[in-house]
Each structure stands twice: as structure tokens, then as C-alpha cells.
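Residue strings, one per chain:
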Amino acid sequence: MKNFITTNSPTPNAAADTPQPQTPLTADATIEQIRSIRAQLPEVATLTSKQRKALQKTFPASAPIVQASLNVIGVSGIVSSAIGQPLDGVRTLQQEAVLWKSVEEEARNLVAGIAGANLLRRQKLAEIGAQAYAVASSVARVPENEVLVSHVEEIKRLKKIARRKKSATPVPQQPSPVPSTPAPGAPVTGAPQVASKS
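What comes next concerns the included structure. Note that this is a predicted model, so its numbers are computed, not measured.

1. Structural notes on the pattern of salt bridges
Applying the stated criterion to the full structure yields six salt bridges. Its salt-bridge partner being Arg108, residue Glu104 comes within 2.7 Å of it at the nearest N-O pair. Of the two residues, Glu104 and Arg108 are both situated in helix H6 (residues 87-139); the distance of four residues between them amounts to about one turn of the helix. Looking at Glu104, the relative accessible area reads 34%, which means it is partly exposed. Ionic pairing is found between Lys156 and Glu153, a salt bridge with its closest N-O pair at 4.0 Å. With Lys156 and Glu153 both in helix H7 (residues 149-168), this residue pair falls three residues apart, about one helical turn. Judged by its relative accessible area of 38%, Lys156 is partly exposed. Three or more residues are tied together by salt bridges with common partners; here these are Lys101, Glu104, Glu105 and Arg108.

If you want it as C-alpha cells, here you go:
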């Protein structure tokens, strides 16, 4: 009689069911993907801050006011005809505005995340640079390490320039309080009383 040894072999679909780790994108690949997405977007309007402010001033109405005003189109065919906007088109535009607002939030969160990661990278570089400068300053005193002297001197020069720029930045002055003058005939408080000699 033969003995059969059975092993639990993974099913063919087990590998497909296991989530595979994502390969991190490089900066160049990320830029390409962002540009590709931008090219596929139906509408992209890059406004200057001046244009954005002008639009907000032109239409300052709140969302509930806009919604109530748009409801009039559905109530009256006369209004819809007069403004040349059928109700279905307006409802579609409303739905798109809501959905693209969500896209805007996601994109803003993405940019904030990228900016945060980049700030951490720059902070790490600054720390490494400070450590390198400290070590170089110390070992440059030894004659065998004279090659470092010019580098240390250059860093010192750049630091002086940076300090000068910081000190040249004007600090807003606090206005000195204007002393209030007492009304005529009013007793002056807080002043020492001088006894009269009789």
C-alpha cells in the first residue's frame, strides 16, 4: 500500500487576491502622471488672485440663495425660457459642481501632503548640513585636513550674509500709547500730592 503525502498548495487565485505592494513613483513619473491627468480634465481654469477676488465679488450670494434661485427654473417654464437654461442642464451643472468640489478637496490634500513631505526632506537636509559643517569646522583645524578650510570659510561667509538679511528685515513698530490729557479742573490721579507749607 502506498502512502501519499499531501501538501496544502496555494490555489491559483491566492496570489491574485493578495494585494501587491505599490511601487513608489519617482518625482519625474509623478509629474508626468499629473500632466497626463491635467490634459484629460474637461475644464481647467487657472485664475489669478485678482480674477478670483473679482468673481467672488461679482457673485457673493451664498449657496442656499443660489439653490433657491435655481429652483425657480423648475417651477416656471417662463423663467427657463427667458434665461435660456433648461432645468436638466442646470441640474447637471449642479451635480458636476458638487463632484468636482470633492476632486478639488482631494487634489488640495494631495498637494498639502506632497508639500509636507518636501518640507521634511528639506529639514532633514538642513540637519545633515549642520552636522557636516560642525564636523568640518572641528577637523579643519588639523593641518592634514586643510582641504576643508576653504569650504568652512565659504559656509561662514554665507551664514553672515543670511544673518545680515534677517537683521535688515524691518520689524513692525508698535505705536507708543498716547497719554490722555485730563479734563480741565479734574483731579490728577496717580501723581504724588505735595503738602503746602503754611
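2. Looking at the layout of surface pockets
Estimated volume of the largest pocket: approximately 1,500 Å³. Taken together, 28 residues make up the lining of the largest pocket; nearest its centre are Leu41, Glu43, Trp100, Val103 and Glu104. Of all the elements in the fold, those that place two or more residues in the lining of the largest pocket are helix H2 (27-40) and H6. Counting residues per element, the lining of the largest pocket draws most heavily on H6, at 14 residues. Taken together, the residues of the lining of the largest pocket break down into 17 nonpolar, four polar and seven charged. Along its surface, the second largest pocket is lined by 18 residues, and Phe59, Ala61, Val66, Leu93 and Ala97 are the ones closest to its centre. Every element with two or more residues in the lining of the second largest pocket is listed here: helix H3 (49-58), helix H4 (63-75) and H6. Looking at which element gives the most residues to the lining of the second largest pocket, the answer is H6, with six residues.

3. A few points about the packing of H4 against H6
Here H4 crosses H6 at 150°, and the two axes come no closer than 9 Å. When the axes of H4 and H6 are compared, the pair comes out roughly antiparallel. Where H4 crosses over H6, the two elements pack in a sense that is left-handed. Judged by residue contacts, Gln67, Leu70, Asn71, Ile73 and Gly74 of H4 engage Leu87, Val90, Arg91 and Gln94 from H6. Residue composition of the contact of H4 with H6, by class: four nonpolar, four polar and one charged.

4. A few points about the side chain of Ser80
Here Ser80 lies in helix H5 (residues 77-83). In contact with Ser80, not counting residues within four places along its chain, are Ile73, Gln85, Pro86 and Leu87.

5. Quick look at the environment of Val79
For Val79, the position within the fold is in helix H5. Classification of Val79 by relative accessible area gives partly exposed; the value is 28%. Non-local contacts of Val79, meaning those with residues more than four positions away in its chain, are made with Val72 and Ile73.

Parameters and conventions
- Residues numbered from 1 in each chain as written.
- Predicted model: local features only at pLDDT ≥ 70, side-chain atom pairs only at ≥ 80, totals over all residues.
- Heavy atoms only, no water.
- Salt bridge = Lys/Arg side-chain N within 4 Å of Asp/Glu carboxyl O.
- Helix = DSSP H or I, 4+ residues; strand = E, 2+ residues; numbered from the N terminus.
- Buried < 20%, exposed > 50% of the residue type's maximum accessible area, 1.4 Å probe, protein only.
- 1 Å grid on protein atoms, 1.4 Å probe; cavity = no way out; pocket = protein on both sides within 12 Å on 5 of 7 lines; lining within 4 Å.
- Points joined across faces, edges and corners; volume = space filled by probe spheres on them.
- Nonpolar A, V, L, I, M, F, W, Y, C, P; charged D, E, K, R; others polar.
- Axes fitted to C-alpha atoms, helices over the stretch in contact; angles between N-to-C directions.
- Parallel < 35°, antiparallel > 145°, perpendicular 65-115°, else oblique.
- Left-handed = near helix turned anticlockwise from the far one by under 90°.
- Contact = heavy atoms within 4.5 Å.

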